[in-house]
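# Secondary and tertiary structure notes
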Amino acid sequence: ANDVSMIREADVGVGIFGKEGAQSVNASDFAIHKFADLKRLLFIHGSGSRLRILNAARASLFLNMAFNMPQAFYGFYCV
């Protein structure tokens, strides 16, 4: 029962069905039946999250370049 507070504090809570009851499953964001399913959850959903973060970082980089390169060229041109 003390894992319920940890699941609620986590950014993403994962509860596992078990003999102890369904309190952790009710408090979690994702529920799995056994620990073997945790590997699939981490690798598939984790890699998708990594790709979304990578695309956002790449877009931010190119957006910053698009705004700053004209200013840099104008600065060198005026000097």
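Residues numbered from 1 in each chain as written. Predicted model: local features only at pLDDT ≥ 70, side-chain atom pairs only at ≥ 80, totals over all residues. Heavy atoms only, no water.

## Here's the deal with the overall build of the protein chain
- Scanning the protein chain from N- to C-terminus turns up 3 helices and 2 strands.
- Helices and strands appear in the protein chain in the N-to-C order α-β-α-β-α.
- Taken over C-alpha atoms, the radius of gyration comes to 22 Å for the protein chain, far larger than the 12 Å a tight globule of 79 residues would show.
- Judged by the C-alpha coordinates and their principal axes, the protein chain covers about 75 × 25 × 10 Å. (Helix = DSSP H or I, 4+ residues; strand = E, 2+ residues; numbered from the N terminus. Rg over C-alpha atoms; globule rule 2.2 N^0.38 Å.)

## Observations regarding the side chain of Ser24
- If you trace the backbone, Ser24 turns up in helix α2 (residues 23-27).
- Ignoring anything within four residues of it in the chain, the contact list for Ser24 reads Asp3, Val4, Ile7, Gly15 and Ile16. (Contact = heavy atoms within 4.5 Å.)

## So, the side chain of Ser28
- As for its position among the elements, Ser28 is in the loop between α2 and β2 (30-32).
- Side-chain polar atoms of Ser28 contact the backbone nitrogen of Gly15, separated by 3.5 Å.
- The residues contacting Ser28, other than those within four sequence positions of it, are Ile7, Gly13, Val14 and Gly15. (Polar contact = N/O pair within 3.5 Å; in protein donor to acceptor, adjacent residues only side chain to side chain.)

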